[in-house]
Amino acid sequence: MALLRSYSSASSGMGVADHCKDTFLELQRKKTHRYVIFKIDEKRKEVVVDKTGGAAESYDDFMASLPENDCRYAIYDFDFVTDENCQKSKIFFIAWSPSVSRIRAKMLYATSKDRFRREMDGIHYEIQATDPTELDLEVLRDRAH
């Protein structure tokens, strides 16, 4: 029975703290954040907000906020101008899993990703990255257009 319980827990992933949804809605509707970075709190068995970036912060600030050797989820509000000169905004979900991070962390984030992403309604694009080059600003531009 214990084996069955731990298996179902692993397949459904971690819970999502209410604060995560509230912070996402602040980014999405109020534009108070440029980005939100989330981490899994293994003791509480849920995803929590790790860091937020103010609306004036740059993409470089966002990239500097991602740890080099640990996994994270991130939401980034990408503003751009279309070929027709219209100001647009697209919300990206980023699953950051550096190749040098612990295998346990990679597995934990991978099994929890779908449940977490479903909680965040209104994401336009998803990117899975293991290296900073996979998150180059041009990658977001190409996806958004």
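Definitions and limits used
As a convention, each chain's residues are numbered from 1 in the sequence order in which they are written. Given that the model is predicted, a residue must reach a pLDDT of at least 70 before its local features are reported, and side-chain atom pairs must reach 80 or more before they are shown or counted; all residues, however, enter totals for whole chains, interfaces and linings. Side-chain calculation: all heavy atoms of the structure are included, whereas hydrogens and water are not. A run of DSSP states H or I qualifies as a helix once it reaches four residues; a run of E qualifies as a strand once it reaches two. Both are numbered from the N-terminal end. Working rule for helices: expected span equals 1.5 Å times residues minus one. The angle between axes fitted to the seven-residue stretch ending at a residue and the seven-residue stretch beginning at it gives the bend at that residue. Partly exposed residues are those whose accessible area sits between 20% and 50% of the maximum for their type, while under 20% is buried and over 50% is exposed, using a 1.4 Å probe and protein chains only. Any two strands with at least two DSSP-identified bridges between them are counted as paired. Every residue pair with non-hydrogen atoms within 4.5 Å of one another is taken to be in contact. Orientation is described by axes fitted as lines to C-alpha atoms, over the contacting stretch for helices, and by angles from 0 to 180 degrees between their N-to-C directions.

J.: Looking at this model, I keep getting lost on helix 4 (residues 103-119). Mind explaining?
T.: Side chains of residues three or four places apart in an α-helix project in the same direction, reflecting 3.6 residues per turn. Across its 17 residues, helix 4 extends 25 Å between first and last C-alpha, which sits within 8% of the 24 Å expected from 1.5 Å per residue. Maximum bend of helix 4: about 45°, positioned at K113. Taken together, the buried positions of helix 4 are A105, L108, Y109, S112, K113 and F116.

J.: I'm lost on the sheet that holds strand 2 (residues 33-41) in this one. Help?
T.: Paired through backbone hydrogen bonds, the strands of a sheet run either parallel or antiparallel to each other. With mixed pairing, the six strands of this open sheet are ordered in space as 1-3-2-4-5-6. With partners counted over all chains shown, the strands left at the sheet margins are strand 1 (15-16) and strand 6 (125-129), one partner each. On the sheet, helix 2 (residues 18-30) packs against strand 1, strand 2, strand 3 (46-54), strand 4 (72-81) and strand 5 (87-96) and is oriented at approximately 165° with respect to strand 2.

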